[in-house]
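Reading the structure
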Amino acid sequence: MADRRKRTNGAPANPQKAPANFGQPDTKISRMRMRAAWMYYIEQMTQNEIAEILGVGRVTIVRMLAEARARNEVKIGIQGYLSDLISLERQVEKQFGLERVIIAPLSHPDNDPIPSIAAATGDYLSGVVANGMRVGVGWGRTLLNTLSYLEAKALEDFTVISLLGGISQPRRFNPAEFAWQFAQLFQGDGYLIPAPAMVDSIETKTALIERCGLRNVFEMAEDVDLVLLSVGAIETASSTPYHIGFLNAGHQASLAERGAVGDLLFHFYNKEGKLVDHPIHDLVMSVGIDTVQRVPVRVLTSGGKEKVRALYGAMALIRPTVFITDEESARRLLVLAQQEQQKR
């Protein structure tokens, strides 16, 4: 494994992409223009809806959108940036000791944050993936939505490795498809764990790994340059494990009794970032959290008010080097952190 790193020109241990800076004055008008562009191009709101939210006429919105295009602030994504988000990013970085935080705008606190987070995640990944990289990925609705915002390009010796098994009966969407679709966008090789994310017994898990050829994928996951993960919240039925049928009400109740607030790769942890003691962990077909913790670049992308406690615990569990979320989740996370500090 070590020889591979010597033979390739992989990405730096902690790739960074500086926020765009076009020397534009930070004015109320410029901030409003960027919010209007974000709502229109990313959240796909109508011009009338944007005008109502920002408290201006529709003609003003039309003019702002045209000006944003003329200034090259709008291409596929939004190239300008909001100064209040930069300040919020720095606060989250300082609070949790993170290397980099990326916060996406949200036009209303009650809006679904996934489109905004997915757009920001796609922009970040498009700038850091490179020849020779090995990327380990989880799955879920947030990650699946990033595919629309990735800038496809041909990369050499690019590999994507799924860190978690899949599902046997996809409904409206199959979140486990993310790994191979991600690999296809960059003309790379994709490796999946061709087994359910959870199996029925320890014996089944052992047989799949030892006698069905899955050990090779798990070994490849030990030598990745970057991991891309999202978290699930134990307290809501909308979380992916519950939604697709791996968790039932009994699982959810027993995990909550043990203090679980969220899951990462179907590993359930408490608000202190410690894995809870639960037999469900013996049935999960995924790489271990200890493997994730050793990866040089750990990207965590998630948001939503129901996931704030899960995000708080994940900060201690894997200490992400890059955290991508929406502005409302970031603010709630800071409030929760302050509350927890006051309890100590």
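All of the points below concern the structure found in this document. Bear in mind that the values here come from a model prediction, so they are computed numbers and not experimental data. (Residues numbered from 1 in each chain as written. Predicted model: local features only at pLDDT ≥ 70, side-chain atom pairs only at ≥ 80, totals over all residues. Heavy atoms only, no water.)

What the 3 strands build is an open sheet, ordered β6-β7-β8; its pairing is antiparallel. One side of each edge strand has no neighbouring strand; the edge strands of this open sheet are β6 (232-233) and β8 (267-269). Relative to β8, strand β7 (residues 262-264) runs antiparallel, the two being bridged by 3 bridges. Bridge pairing in β8 places D263 opposite F268. Seen against the sheet, helix α14 (residues 308-318) touches β6, β7 and β8 and runs at an angle of roughly 105 degrees to β8. (Pairing = 2+ DSSP bridges. Helix = DSSP H or I, 4+ residues; strand = E, 2+ residues; numbered from the N terminus. Contact = heavy atoms within 4.5 Å. Axes fitted to C-alpha atoms, helices over the stretch in contact; angles between N-to-C directions.)

By secondary structure assignment, the location of S162 is in strand β3 (residues 159-162). A distance of 2.9 Å separates the side chain of S162 from the backbone oxygen of L164, its partner in a polar contact. In this view, S162 contacts V137, A179, Y191, L192, I193 and V217; residues no more than four positions away in its chain are not counted. (Polar contact = N/O pair within 3.5 Å; in protein donor to acceptor, adjacent residues only side chain to side chain.)

A word on the packing of helix α2 (residues 28-41) against helix α4 (residues 58-70). Axis separation between α2 and α4 bottoms out at 9 Å; the angle between their running directions is 90 degrees. It follows from the interaxial angle that α2 and α4 lie roughly perpendicular. In this structure, α2 uses M32, R33, A36, A37, Y40 and Y41 to contact α4, whose residues at the interface are I61, M64, L65, E67, A68 and R69. For the contact of α2 with α4, the residue count by class is 9 nonpolar, no polar and 3 charged. (Parallel < 35°, antiparallel > 145°, perpendicular 65-115°, else oblique. Nonpolar A, V, L, I, M, F, W, Y, C, P; charged D, E, K, R; others polar.)

Counted under the stated rule, the structure contains 16 salt bridges. D112 is the partner of R141 in a salt bridge, and the nearest nitrogen-oxygen pair spans 3.6 Å. Of this pair, R141 sits in helix α7 (residues 141-146) while D112 is found in the loop between β1 (100-104) and α6 (114-128), placing the two residues 29 residues apart along the sequence. Looking at D112, the relative accessible area reads 40%, which means it is partly exposed. Ionic pairing is found between R215 and E210, a salt bridge with its closest N-O pair at 2.1 Å. (Salt bridge = Lys/Arg side-chain N within 4 Å of Asp/Glu carboxyl O. Buried < 20%, exposed > 50% of the residue type's maximum accessible area, 1.4 Å probe, protein only.)

So, about the sheet that holds strand β2 (residues 134-137). Pairing within the open sheet is parallel, and its 7 strands lie in the order β1-β10-β9-β5-β2-β3-β4. The sheet is open, and its two edges are formed by β1 and β4 (189-191), each paired on a single side. This sheet shows a mean twist of 15 degrees between the axes of neighbouring strands, independent of strand direction. Judged from the 4 bridges that link them, strand β5 (residues 226-229) and strand β9 (residues 297-301) form a sheet pairing that is parallel. Opposite L229, over in β9, you have L300 as the bridge partner. On the sheet, α6 packs against β1, β5, β9 and β10 (322-326) and is oriented at approximately 150 degrees with respect to β10.

Attention shifts here to the pairing of β1. For β1, the tally of buried residues reaches 5 of 5 residues, placing the bulk of the element in the interior. In β1, alternate side chains face the same way, and those of R100, I102 and A104 on one face and V101 and I103 on the other are all buried. Here β1 pairs with β10 via 5 bridges, running parallel. If you follow A104 over to β10, its bridge partner there is D326.

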